[in-house]
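Architecture at a glance
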Amino acid sequence: MGQYVAPRRDMQFVLHELLHVDDEFRQLPPYTEVARELIDQVIEQGGKFAAEVLFPLNQVGDVEGCRYADGVVTTPPGFKAAYERFREAGWPSIASDPEFGGQGLPHTLGYALEEVINSANQAFAMYPCLTHGAYEALHAHGTDEQKRIFLPKLVSGQWTGTMCLTEPQCGTDLGLLRTKAEPNKDGSYRITGTKIFVSSGEHDLAQNIVHLVLARLPDAPAGSRGISMFIVPKYKVNADGSLGERNSAFAGAIEHKMGIKGSATCVMNFDGAEGYLIGKPHKGLMAMFTMMNAARLAVGVQGLALAERALQNSLNYARERLQSRALSGVKFPDKPADNLLAQPDVRRMLLTQRAFVEGTRLLVLYNALQVDIEGRATDEATRQKASELVAFLIPISKGVVTELAIECTKEALQIYGGHGYIGENGMEQFSRDARITTLYEGTTGIQAADLLGRKILQLQGVGFKHFLEEISGFCQQHSADESLRALIGPLAVYAKQWGDMTVKLAQRVQANPEELGAAANDYLYYSGYVTLAYLWARSVAAADKSSQSAAFKQAKRDTASFYFTRILPRCLVHQAGIEAGVATLPEIA
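A brief look at the structure comes next. All values reported here derive from a predicted model rather than from experimental measurement. (Residues numbered from 1 in each chain as written. Predicted model: local features only at pLDDT ≥ 70, side-chain atom pairs only at ≥ 80, totals over all residues. Heavy atoms only, no water.)

**Details of the overall build of the protein chain**
A tally of helices and strands in the protein chain yields 18 helices and 11 strands. In terms of overall size, the protein chain behaves like a compact globule, its C-alpha atoms giving a radius of gyration of 24 Å where 589 residues would be expected to give roughly 25 Å. Seen through its principal axes, the protein chain has C-alpha atoms that stretch 80 × 60 × 60 Å. Scored against the burial criterion, the 589 residues of the protein chain give a buried share of 58%. The long-range fraction of contacts in the protein chain, counting pairs at least 24 apart against all pairs at least 6 apart in sequence, stands at 75%. (Helix = DSSP H or I, 4+ residues; strand = E, 2+ residues; numbered from the N terminus. Rg over C-alpha atoms; globule rule 2.2 N^0.38 Å. Buried < 20%, exposed > 50% of the residue type's maximum accessible area, 1.4 Å probe, protein only. Contact = heavy atoms within 4.5 Å.)

Okay, here's the thing in structure tokens:
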């Protein structure tokens, strides 16, 4: 089963001593009163709830899973009671609008909370995660009446939400979807079609489930330009917000999955179900991407969360497991063998995990802070820059972080040896659960295409330029800092190569569009590794100036040195892949 303790010290270091969110929030109405004490209290209490209430249900959820019978889905034992405690404690409303019952705290803090919830129990975390995505879409695109009726219940957690996008014949290519929306005389619509892979599509945790469904109107143009979005509740809702009769939206089955088995992933059948248009006709993709951006960053947090828990457990195991002797001589003469930490290769696996966990924690929280600045800064130029940074960093925060989570869970399992393959120790579940994070909300290939094709080429790399300028400024600021020389020099070189390579690649893609697909995956990884290098250099600089212990500072420096010497050179392999071009990818019969 393993264990989990919220990494409060590192989370607080990132938030307060590296990102200085206290100062940032003072510049962002209405977060001016969000002080350090409140931030620390949320992290502490959230971590305690996750460890004491949700973590004990993690293995139960994996073993028991969800059960389906005649359209009814039952969540694993304990989930319903835990969800009620989760709701009563106010956790669903942390970062929601006070106008609809939310606590109005920053998204940065909301994502920090999501980390500890996902570390403790990723399957459970899926239910509020999808609800938050539905909330974001309705908050941004719903009518005042729709917001009045639906948002307070979503914010409180009394109702949950879903995203109904994928169909059997279409996943990423939503232009192929067939679900129909036919207008009724009263202004509502009849929604007919089948959606698959619907997380939280049916369950027993909440009074109502609010499905956000993509469908086509009768006069819709072909392709993705003809998609509209509709609210389709499980139970129809009266004008006063009370529940009405059952809607014609039913789960036809639940998927049998390799992981997150406590999360109900449903096939949803809509048979003339009553729905209500969100936003303008044929503009559903705009609303969908509001959900999608929030969901993609949340999935990046899931990857981080699983890697954190894998690191905790494999480190504890390596400390306790006695096996063989150190190559340099006996380390524990009073014991029959030395522990696994005496083995250099075990330390390599642990340092790889630590480098990725602590580096990606900074990445997702940095990204989340830009989301807050984008939404709340008083200066238009500041909001625009933050928006461009968010757009650029989202595919890295989702695509790279989740792929590194798979590497971390693999290394953690390897440290356990054969014991890692045994279900009782919990390590193999981490590997299975982590695998989905690279698939849903856009596969890694989709993130790579989004980064290179849209954020770099189509948008002319505006967010990328901001980020390179930030890295350049950091390197210039610390150019004379002897203690950072081993980091600043390589970082400046790789950042320059990143910029030069991007310009050359853009020219090649212009000449042959196939070069985009050939280079995108390698480009995503290259971007991720350089991004983490910058963030690790910042971590060391911040740690040196912090009030942390000497041991904490040394651990940051040691891990950063490991990252720069053993991980960052992976960029050379990806650069070679980029330069090899599409000619090395022949047609396959």
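Anyway, onward from the coordinates.
**Notes on the side chain of Asn 367**
Locating Asn 367 in the fold gives a position in helix α10 (residues 344-376). Of the residues examined, Asn 367 reaches a relative accessible area of 0% and is grouped as buried. A polar contact of 2.8 Å, which involves the side chain of Asn 367, links it to the side chain of Ser 397. Not counting residues within four places of it along the chain, the set of residues in contact with Asn 367 comprises Leu 297, Val 390, Leu 393, Ile 394 and Ser 397. (Polar contact = N/O pair within 3.5 Å; in protein donor to acceptor, adjacent residues only side chain to side chain.)

**A short note on the nonpolar core**
Of all hydrophobic cores here, the largest spans 192 residues; its most connected members are Trp 498, Tyr 523 and Tyr 563. At 19 residues, helix α16 (residues 514-545) tops the list of elements feeding residues into this core. What Trp 498 contacts, discounting residues up to four positions off in sequence, is Phe 392, Phe 464, Phe 467, Leu 468, Ile 471, Tyr 523, Tyr 526, Ser 527, Val 530 and Thr 531. (Core = buried A, V, L, I, M, F, W, Y, C linked by side-chain atoms within 4.5 Å.)

**Overview of the environment of Gly 375**
Its place among the elements puts Gly 375 in helix α10. The class for Gly 375 is exposed, based on a relative accessible area of 53%. With 231 residues separating them along the chain, Gly 375 and Asp 144 place their C-alpha atoms 19 Å apart.

**Here's the deal with the packing of aromatic side chains**
Here the structure, examined in full by the defined rule, presents 21 aromatic pairs. Through a chain of ring-to-ring contacts, three or more aromatic side chains come together here, namely Tyr 366, Phe 392, Phe 464, Phe 467, Phe 474, Trp 498 and Tyr 534. Cation over ring: Arg 246 sits above Tyr 235, and NZ or CZ is 5.6 Å from the ring centre. (Phe/Tyr/Trp six-rings, centres within 6.5 Å; stacked < 30°, edge-to-face > 60°. Lys NZ or Arg CZ within 6 Å of the ring centre and 35° of its normal.)

**Comments concerning helix α7 (residues 122-141)**
For α7, built from 20 residues, the straight-helix expectation of 28 Å at 1.5 Å per residue is met to within 8% by its first-to-last C-alpha distance of 28 Å. Most of α7 is tucked away, with 17 of its 20 residues classed as buried. (Expected span 1.5 Å × (residues − 1).)

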